[in-house]
Amino acid sequence: MLEIRNLEARVAGKDILRGIDLTVKAGEVHAIMGPNGSGKSTLAQVLAGRDTYQVTGGTVTYNGHDLLALSPEDRAREGVFLAFQYPVEIPGVGNTYFLRSAVNQIHKHRGEPEVDAVDFLALVRDKMKLLELDESLMTRSVNEGFSGGEKKRNEIFQMAVLEPKLCILDETDSGLDIDALKIVANGVNKLRSKDRAIIVVTHYQRLLNYIVPDFVHVLSAGRIVKSGDKTLAMELEKDGYAGILEEAAEGVGSR
Amino acid sequence: MGTPATDIEALTSQEYKYGFVTDIEADSAPPGLNEDIIRLISSKKKEPAFMLEWRLKAYRHWLTMTEPKWPNVHYPPIDYNSIIYYSAPKPKKQLKSLDEVDPELLKTYDKLGIPLRERELLAGVAVDAVFDSVSVATTFKAKLAEMGIIFCSFSEAVQNHPELIKKYLGSVVPHTDNFFAALNAAVFSDGSFCYIPKGVRCPMELSTYFRINAMNTGQFERTLIIADDGATVSYLEGCTAPMRDTNQLHAAVVELVAHDNAEIKYSTIQNWYPGDKEGKGGIYNFVTKRGKCAGVNSKISWTQVETGSAITWKYPSCLLIGDGSIGEFYSVATVNNYQQADTGTKMIHIGKNTRSTIVSKGISAGHGQNTYRGAVKMLKSAAGARNYSQCDSLLIGDQCGAHTFPYLEVKNPSAQVEHEASTSKIGEDQLFYCRQRGMSMEDSVSMIVNGFCKQVFKELPMEFAVEAQKLLSVSLEGSVG
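Described below are features of the structure shown in this document. Just so you know, these numbers come straight off a predicted model, no measurement behind them.

Each helix and strand in chain B was counted, giving 13 helices and 18 strands. Restricting the contact set of chain B to residue pairs at least 6 apart, pairs at least 24 apart contribute 83%. Here chain B displays about 19,900 Å² of accessible surface, and carbon together with sulfur accounts for 53% of that area.

Right, dumping it as structure tokens:
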């Protein structure tokens, strides 16, 4: 589904990604781990097409498309979803209205009719239960006045409604207490399927107790320095990043 | 050029070379302004003597005034002697079908979602629909008349209800009020008049069905609305369709009077031609709008969506005289390209326990300059008065500007004034968030902007609100990316 070859990117004149190689197949869950400043979030943003990040080299192929040639909205319509580390507030724009517009953009892109308001509400109710979100959030503005945990759950809720093909979770666990973490993980696990790939970007192994990955990659100074299965994450938890990072000659970039 | 006063004096001291009498049958008066022109306007309109006197008084006062320089807008000097102040209403050139209309204009109508029939009317196509509309209008007028509501053109009101005109004309905006109001008083062509008798609730949004007809009232328009004791009325002015006009200067006056327990809601959508991308050729819109809450517990509410004009100078205000009266001002002002807007409100609290609310949303894009200017005055008599003001500015791009000038004057210690202000930019993060959910750049901008304006849009009558949203998207097209 996703082929990343020698991807290099910079932000604000600073090289962050220095040659990422990664292959993700449908049905797989990959965890990207690494210390702060290693480029985890940059990778997530570059895949979603944020133009404050400049791709300086390499290729990304997504279901046969040159992903880097697509606008952010076209990537989204093609099924790439980024669960934001810091979900953005949009005052005055209703959460339901926002999500329905997003769904309709995807329908339009596929040449399907717009979703009926009644059907949409039924779908939304169902998925809200999954994420244990209060219905009152739907009548509020997008992320406005949401607690940190509500914002993160709202991201996964949007993901559940939009049913993307490639899900990228950018530090979705940060700022979540253990109960919220379990709810979020449960929501993500319900979305696991043989047609869908999930990339979980995280600093801590904790989330991976609940979303068990097929592969774990350790990122350092913009490169994947080690890959393995879920036991790699446990190793990291035990020994910290230091042991693994000795392999990487370059120091850790600051944030 | 020199000051208009000296120019006009110079002109009036000359002999009037075109000759008053011979010209009377002509379609339009020669450019320039003097007492003879005002007599011509008044006589063409067959006005009673008191109207002519009033106009002349205004004119003589105007000669002593100078154009205001305090607004935060810049434009080349206006030559008041090059303006034609009277011209007989000329029927527009009629087109046979929409096929003859400028395709660009049709595209805009389409984006705004203007109903087909109205498109034809707006573009000046001669079809049966025009007659339909007139008959619809006639039906509604008959219904209003049954309830004792007077709703007609200003000229008709002068003919048929001189006692009301005499009583109320200039009672809120006196002819001495300001430079543009004085000019308007001297030369105004026509406008609307509305009187709601005691205890009557006007059953429909006034002018929804008439907006097409009210289109060609010209550059010096005058509106007078009176709600008698316990009456209520909601009045809509303007249209989302882009309005072009060969007259660059527009100086309208609107006066509202609310008696005991009466309520007037006045909504405006203004989309005059803003000029081209370099800012050339747009309309100067210098308007004086004021409402008088004369009676106890009366209420006047202004809602405006300003997207057009090269320059907007406009402060819909409320005089809160009656005890317990309420004034409201909800505004969205958008500037793009080289547009300039200096707009806001004045709330003058005179009566006890008077309340006012100000919500102003300014959006600046391109090289646009947007100024909020508001005054809240609590006079000594205004015990227990309260005001809440909120002024938010949204910037799109880094070439535009937003400015806020709130003036507060509180002379009664029991009065409360609250002011909140914010300035924000459309965030790159907000845009990216929307786009990552599949929205195009333009849809994202329009969604964020409409969210920003929601507080004001919800004050608009339903169908107007929908049009306003679309209008905003069209006005800001191409402002990002």
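After presenting the structure, the write-up continues.
With that out of the way, let us pick up the overall build of chain A. Along its length, chain A carries seven helices and 12 strands. Across its three principal directions, the C-alpha atoms of chain A cover 55 × 40 × 35 Å. When each of the 255 residues of chain A is scored for burial, the buried share is 54%. Here chain A displays about 10,900 Å² of accessible surface, and carbon together with sulfur accounts for 48% of that area. Averaging the positions of the 31 positive and the 37 negative side-chain charges in chain A gives two centres separated by 0 Å.

On to the sheet that holds strand β9 (residues 166–170) of chain A. All names here are of chain A. Ordered by their spatial adjacency, six strands build an open sheet running β6-β9-β10-β3-β11-β12, and the pairing between neighbours is mixed. Since the sheet does not close on itself, it has two edges, and those belong to β6 (80–83) and β12 (223–228), each with one partner. Across this sheet, the average inter-strand angle for adjacent strands is 20 degrees, counted without regard to direction. Here strand β3 (residues 29–33) pairs with strand β10 (residues 197–202) via five bridges, running parallel. What sits directly across from I32, in β10, is V201.

Turning our attention to the nonpolar core. Across soluble globular proteins, you tend to see nonpolar side chains buried next to one another. Grouped together as the largest cluster of nonpolar side chains are 111 residues, with contacts concentrated most on L2(A), I363(B) and V449(B). At seven residues, helix α6 (residues 178–191) of chain A tops the list of elements feeding residues into this core. With residues up to four places along the chain from it excluded, the contact list for V449(B) reads I363(B), L394(B), I396(B), I426(B), L472(B) and L476(B). In terms of nonpolar packing, the next biggest core, distinct from the first, is built from 56 residues, L33(B), I38(B), M51(B) and A157(B) among them.

Take the pattern of salt bridges next. Enumeration according to the criterion identifies 27 salt bridges over all chains in this entry. Across the pair E235(A) and K226(A) runs a salt bridge, and its minimum N-O distance is 3.9 Å. Given a relative accessible area of 28%, K226(A) falls into the partly exposed group. In this structure, the salt-bridge partner of R60(B) is E35(B), at a minimum N-O distance of 2.7 Å. Pair noted here: R60(B) is in helix α3 (residues 49–63) and E35(B) is in helix α2 (residues 35–44), with a separation of 25 residues, a long-range link. Residue R60(B) is classed as partly exposed on the basis of its relative accessible area of 40%.

Residue and element names in this part refer to chain B. Inspection of the entire model under this criterion finds 21 aromatic pairs over all chains. Taken together, a centroid distance of 5.7 Å and an interplanar angle of 45 degrees make the contact between W70 and Y315 tilted. Here Y315 lies in the loop between β10 (311–314) and β11 (317–320) and W70 lies in the loop between α3 and α4 (103–112), a separation of 245 residues in the sequence. A relative accessible area of 48% places W70 in the partly exposed class. For Y315, a relative accessible area of 11% gives the class buried. The lysine or arginine in question, R55, covers the ring of F188, its NZ or CZ lying 4.2 Å from the ring centre.

Calculation notes
- Each chain carries its own residue numbering, running from 1 in the written order of its sequence.
- All chains are assigned letters beginning with A, and all ligands numbers beginning with 1, in the order in which they are written.
- Given that the model is predicted, a residue must reach a pLDDT of at least 70 before its local features are reported, and side-chain atom pairs must reach 80 or more before they are shown or counted; all residues, however, enter totals for whole chains, interfaces and linings.
- To obtain the side-chain values, all non-hydrogen atoms of the structure were included, while hydrogens and water were left out.
- A run of H or I in DSSP counts as a helix once it spans at least four residues, and a run of E counts as a strand once it spans at least two, with each numbered from the N terminus.
- Contact between two residues is taken to exist if any of their heavy atoms lie within 4.5 Å; hydrogens are not considered.
- Surface accessibility follows the Shrake-Rupley procedure with a 1.4 Å probe radius. Residue values consider only the protein chains on display as shielding.
- For each residue, the accessible area found with a 1.4 Å probe, counting protein chains only, is set against the maximum for its type, and the residue is called buried under 20%, exposed over 50%, and partly exposed in between.
- His is not counted, nor are the chain ends; Lys and Arg add positive charge and Asp and Glu add negative charge.
- All charge positions are set by atom: Lys at NZ, Arg at CZ, Asp at CG, Glu at CD.
- In this analysis, strands are considered paired if DSSP registers two or more bridges between them.
- Comment: axis = line fitted to C-alpha atoms, over the contacting stretch for helices; angle = value between 0 and 180 degrees taken between N-to-C directions.
- Definition used in this section: a nonpolar core is a set of buried Ala, Val, Leu, Ile, Met, Phe, Trp, Tyr and Cys residues joined via side-chain atoms within 4.5 Å.
- Every case where a carboxyl oxygen of Asp or Glu lies within 4 Å of a side-chain nitrogen of Lys or Arg is listed as a salt bridge.
- Under the pairing criterion, centres of Phe, Tyr and Trp rings, with the six-membered ring standing for Trp, must be within 6.5 Å; the plane angle then separates stacked pairs below 30 degrees from edge-to-face pairs above 60, leaving the rest tilted.
- Geometrically, a lysine NZ or arginine CZ counts as sitting over a ring once it is within 6 Å of the ring centre and also within 35 degrees of the ring normal.

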